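Observations on chain architecture
Each chain is listed here by its residues.
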Amino acid sequence: MDNPSDDFSGYIIQLPDDCLLCIFQLLDCGSDRESFGLTCRRWLQIQNLNRRSLQFQSSFTMLNISSLSQNNTQISTFQLSRLLNRFQNLESLSLSGCTELPDSGLALLPRHGSKLQSLHLDCCFSITDDGLSFVTSGCSSLVILSLYRCNVTDYGLEALSKSCLALEDLNLSYCCQISDYGVRAISQNCRRLRAIRISYCRNLTGVGFQGCSQTLTYLEADSCRLEPNGIQSILNGGGLEYLSVPNLTLHTRVDGLIAISVGFAAKLRVLNFRCSRTIGDDCITAMAKGCPSLQEWNLAICHEVKTEGWESIGLHCHNLKIIHVNRCRNLLDSGMQALRDGCRRLSVLYITGCPQISVVTLEVFKIARGNVKIKEEEIVCICPDGAFRF
């Protein structure tokens, strides 16, 4: 007598691919999906075509643990080619940490990268403009791209700007060979750009952002040699909400910050000036007057901000909720009084290592502003949640 379960298995095997695909997509557990693919070659092909993300154990950017491919700390061009041939509908690919991957490792992207929306190449030290050319040739739908510590130049960025017009998030930190020319190509052509990191790109002054789109909302430029007119260029899009420029060296020049006073910084909510030791009162006053929406301001280790600067913050920053004043050598009792009497919406004050502040002044502040939390700790990163997707 025939076993009924054998007949049932036969019916399952005979199901068309679209039905099997629906069944596969209803499987929530990763182990169940792997078991599905082990059933037979046909089911494995359905699993392969349905895979949307791929990353490796060496990846610094852990997007999804279930998308890990293998335990190798490195991947060869041959291995990557096999995987790209196998998974042809990828939308997210992370090769971060594949430090020895050559340009040729990306050669299959023109054939299989048309659906890629997210690509991470962090610390792929051997990737140059030649490797980036494979990206520009085949990944026109790219929305998120991280080139952290890649050896790309302005020529690569120019090609990228002409092909990946949907680009929204871009990480160029430690891309030491790029200049304002390459950034200008990106800002002029990628009109959906919303978030960019250019930290430690020493050749950038910021002028490449002149004429940038209003969609540019988040920007980090740690330890860049930005000039005043570069800051103006960054702000002139009018949509910036988060600006992080630690270690900024503008001295006391404010001629290039006219963009602030004419309303281009009206939407700025979070501003990080940490370790900007040469920023003076004139600059602080211009920012305080020109950023009416400012809610958080990190001024830790800004030694040249003196009483006039603190008074301008108290007078003009009506929406400020959080301020960081750690290790500010020239924050005196008078400056603390200005913050106490102004900034009526202040809710958190980060303060440590301010030798000029007396115990009495700090206690009076606590009594007068009992609703303000005094936190004796120092915060380095104040980036809003969800600002950067890499």
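Along the backbone of the protein chain there are 15 helices and 13 strands. Sequence separation of at least 24 residues holds for 72% of the intrachain contacts in the protein chain that already meet a minimum separation of 6. As displayed, the protein chain offers around 17500 Å² of accessible surface, 50% of which is attributable to carbon and sulfur atoms.

What follows covers empty space enclosed by the protein. For the coordinates displayed, the defined rule picks out 2 cavities of 30 Å³ or more. Taken as a whole, the largest cavity holds about 40 Å³ of empty space. The wall of the largest cavity is formed by Ile186, Ser187, Cys190, Leu193, Phe209, Cys212, Ser213 and Leu216. Here the lining of the largest cavity is composed, by residue class, of 6 nonpolar, 2 polar and no charged.

Turning our attention to the packing of aromatic side chains. A complete count under the given rule lists 6 aromatic pairs for this structure. Taking 5.6 Å as the distance between ring centres and 80 degrees as the angle between the ring planes, the aromatic pair formed by Tyr148 and Tyr174 counts as edge-to-face. Placement of the pair is Tyr148 in the loop between strand E4 (144-146) and helix H8 (154-163) and Tyr174 in the loop between strand E5 (169-171) and helix H9 (180-189), with a sequence separation of 26 residues. Ring geometry for Phe388 and Phe390: centres 5.6 Å apart, planes at 40 degrees, overall tilted. The buried category is assigned to Phe390, whose relative accessible area is 17%. Just above the ring of Tyr174 sits the side chain of Arg149; from NZ or CZ to the centre is 3.8 Å.

With that settled, the discussion passes to the layout of surface pockets. There is about 340 Å³ of room inside the second largest pocket. Lining the second largest pocket are 17 residues; nearest its centre among them are Arg197, Ser199, Glu220, Asp222 and Ser244. Classifying every residue of the lining of the second largest pocket by side-chain character gives 7 nonpolar, 6 polar and 4 charged.

Turning our attention to the environment of Pro102. Looking at the element boundaries, Pro102 is found in the loop between strand E2 (92-94) and helix H6 (109-112). Considering only alpha carbons, one finds Pro102 and Asp130, 28 residues apart in sequence, at a separation of 9.5 Å.

Looking now at the packing of helix H13 (residues 307-316) against helix H14 (residues 333-341). Their axes nearest at 8 Å, the elements H13 and H14 cross at an angle of 5 degrees. As summarised for this structure, H13 and H14 are arranged roughly parallel, according to the angle between their axes. Between H13 and H14, the residues in contact are Thr307, Trp310, Glu311, Ile313 and Gly314 and Ser334, Gly335, Ala338 and Leu339, respectively. Split into classes, the residues belonging to the contact of H13 with H14 amount to 4 nonpolar, 4 polar and 1 charged.

This part takes up the side chain of Arg194. Its place among the elements puts Arg194 in the loop between H9 and strand E6 (195-197). Engagement of the side chain of Arg194 in a polar contact is seen with the backbone oxygen of Gly386, the distance being 3.5 Å. In contact with Arg194, not counting residues within four places along its chain, are Glu168, Asp169, Thr215, Leu216, Thr217, Tyr218, Gly386, Ala387 and Arg389.

What follows is about the nonpolar core. If you look at the biggest cluster of nonpolar residues, it comprises 92 residues, and the most contacted ones within it are Leu95, Phe273, Trp297, Trp310, Ile313, Ile323 and Val325. By residue number, the principal contributor to this core is helix H12 (residues 281-290), which donates 4 residues. Discounting residues that sit within four places of it in the chain, Ile323 has contacts with Trp297, Leu299, Trp310, Ile313, Leu339, Leu346, Val348, Leu349 and Tyr350.

What follows deals with the side chain of Ser213. If you trace the backbone, Ser213 turns up in the loop between E6 and strand E7 (218-220). Here Arg191 takes part through its backbone oxygen, which lies 2.9 Å from a polar atom of the side chain of Ser213. A polar atom in the side chain of Ser213 sits 3.0 Å from the side chain of Thr215.

A few words now on the confidence of the model for the protein chain. Per-residue confidence for the protein chain gives a mean pLDDT of 87, with 79% of residues at or over 70. Confidence over residues 65-72 falls short of pLDDT 50; this stretch has 23 contacts with residues more than four positions distant or in other chains.

Residues of H14 that are buried include every one of Gly335, Met336, Ala338, Leu339 and Arg340, and no others. In this fold, the buried residues of H14 make contact with H13, strand E11 (322-324), strand E12 (348-350) and helix H15 (359-368). Looking one or two residues past H14, Cys343 carries a phi angle of roughly 45 degrees, positive in sign.

About the cut-offs
Residues numbered from 1 in each chain as written. Predicted model: local features only at pLDDT ≥ 70, side-chain atom pairs only at ≥ 80, totals over all residues. Heavy atoms only, no water. Helix = DSSP H or I, 4+ residues; strand = E, 2+ residues; numbered from the N terminus. Contact = heavy atoms within 4.5 Å. Areas by Shrake-Rupley, 256 points an atom, 1.4 Å probe, with all protein chains shown as cover. 1 Å grid on protein atoms, 1.4 Å probe; cavity = no way out; pocket = protein on both sides within 12 Å on 5 of 7 lines; lining within 4 Å. Points joined across faces, edges and corners; volume = space filled by probe spheres on them. Nonpolar A, V, L, I, M, F, W, Y, C, P; charged D, E, K, R; others polar. Phe/Tyr/Trp six-rings, centres within 6.5 Å; stacked < 30°, edge-to-face > 60°. Buried < 20%, exposed > 50% of the residue type's maximum accessible area, 1.4 Å probe, protein only. Lys NZ or Arg CZ within 6 Å of the ring centre and 35° of its normal. Axes fitted to C-alpha atoms, helices over the stretch in contact; angles between N-to-C directions. Parallel < 35°, antiparallel > 145°, perpendicular 65-115°, else oblique. Polar contact = N/O pair within 3.5 Å; in protein donor to acceptor, adjacent residues only side chain to side chain. Core = buried A, V, L, I, M, F, W, Y, C linked by side-chain atoms within 4.5 Å. pLDDT = per-residue confidence, 0-100.

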